[in-house]
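# Analysis of the macromolecular model
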Amino acid sequence: MENTDLFGRAKQDLYDDMEARGIGAILWDNATAGFDYLPEINLADDDAEMPDTSRIMGLYAYEGKLYLIEEDKAHVNFDNFYNPDTEVKPTVVTLTPDTASRILGNPANEPGYTTDGTLEEWLAIADCYYQALNEDNEESPA
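Quick summary incoming for the structure in this document. (Residues numbered from 1 in each chain as written. Predicted model: local features only at pLDDT ≥ 70, side-chain atom pairs only at ≥ 80, totals over all residues. Heavy atoms only, no water.)

### Examining the overall build of the protein chain
- Helices and strands together make up the secondary structure of the protein chain, namely four helices and six strands.
- When the helices and strands of the protein chain are placed in sequence order, the string is α-β-α-β-β-β-β-α-β-α.
- Counting only residues that meet the buried cut, the protein chain has 42% of its 142 residues in that class.
- Taking all contacts inside the protein chain whose residues are at least 6 apart in sequence as the whole, residues at least 24 apart take part in 71%.
- Approximately 8,400 Å² of the protein chain is accessible, and the part contributed by carbon and sulfur atoms is 44%. (Helix = DSSP H or I, 4+ residues; strand = E, 2+ residues; numbered from the N terminus. Buried < 20%, exposed > 50% of the residue type's maximum accessible area, 1.4 Å probe, protein only. Contact = heavy atoms within 4.5 Å. Areas by Shrake-Rupley, 256 points an atom, 1.4 Å probe, with all protein chains shown as cover.)

### Focus: the packing of aromatic side chains
- With the rule as written, the count across this model stands at five aromatic pairs.
- With a centroid separation of 6.4 Å and 75° between ring planes, the pair formed by Phe 7 and Trp 122 is classed as edge-to-face. A residue pair is termed long-range when its members are at least 10 positions apart, and Phe 7 in helix α1 (residues 3–20) and Trp 122 in helix α4 (residues 119–139) qualify at 115 residues.
- Residue Phe 7 is classed as buried on the basis of its relative accessible area, which comes to 18%. (Phe/Tyr/Trp six-rings, centres within 6.5 Å; stacked < 30°, edge-to-face > 60°.)

### Topic: the environment of Ser 101
- With respect to the helices, strands and loops of the structure, Ser 101 is situated in helix α3 (residues 97–104).
- Overall, the relative accessible area of 32% leaves Ser 101 in the partly exposed class.
- Each C-alpha atom, one on Ser 101 and one on Gly 24, is 7.6 Å from the other, the two residues being 77 residues apart in sequence.
- Excluding its chain neighbours within four sequence positions, the residues that come into contact with Ser 101 are Tyr 60 and Tyr 62.

### Here's the deal with the pairing of strand β1 (residues 25–28)
- Judged by which residues are buried, β1 turns out to be covered on both faces: Ala 25 and Leu 27 on one side and Ile 26 and Trp 28 on the other are all buried.
- With three bridges joining them, β1 and strand β3 (residues 53–62) adopt antiparallel strand pairing. When the sheet's bridge partners are listed, Ala 25 is paired in β3 with Tyr 60.
- Note: β1 against strand β5 (residues 92–95), four bridges, orientation antiparallel. Following the sheet pairing, Leu 27 is matched in β5 by Val 93. (Pairing = 2+ DSSP bridges.)

### Some words on the nonpolar core
- If you look at the biggest cluster of nonpolar residues, it comprises 24 residues, and the most contacted ones within it are Met 18, Ile 26, Trp 28, Leu 59, Leu 66 and Tyr 129.
- Of all the secondary-structure elements, those providing two or more residues to this core are α1, β1, β3, β4 (65–70) and α4.
- Counting 15 residues, the second largest nonpolar core, distinct from the first, contains Ala 25, Tyr 60, Val 76 and Leu 95. (Core = buried A, V, L, I, M, F, W, Y, C linked by side-chain atoms within 4.5 Å.)

### Brief notes about unusual backbone geometry
- In the Ramachandran plot, Glu 63 falls in the positive-phi region, its phi being about 45° despite a non-glycine side chain.
- Note that Glu 63 resides in the loop between β3 and β4.
- Residues other than glycine seldom take positive phi values, yet Asp 72 does so here, at roughly 70°.
- The residue Asp 72 is located in the loop between β4 and β5 in this model.
- For Asp 72, a relative accessible area of 74% gives the class exposed.

### Here we look at the side chain of Thr 91
- The residue Thr 91 is located in the loop between β4 and β5 in this model.
- Take Thr 91: its relative accessible area is 7%, and that puts it in the buried class.
- Within the structure, Thr 91 has its side chain in polar contact with the side chain of Thr 32 (distance 3.2 Å). (Polar contact = N/O pair within 3.5 Å; in protein donor to acceptor, adjacent residues only side chain to side chain.)

As structure tokens, then:
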């Protein structure tokens, strides 16, 4: 199997997993998540002298396509998903497809969403996704 086939399959498997779980978007707080890898991608062209690294704060499944949510670039404020007066800030927030679409909009028309990244970068982000799911399960009340 060629790398491009493997890459497409890996993205599709992530998308399918999110769909099966009823997740339209998953967001994580990189400061508190404690991931084994930093979820980052390099957005610079191959011939660029300086890297353009973007830290990823989540995944967004929208109309059959999986997008990475770029921290500090997407108009997503993690603080909008809890009440700081009565709740502890969560490490992970999951949104249903309808809620994600309503709050995040069309990622093709918004800054801070990308489908770029290498296979290796996406594999590290997939690892963060599964760690975030475990974190979310630990935070959810029984």
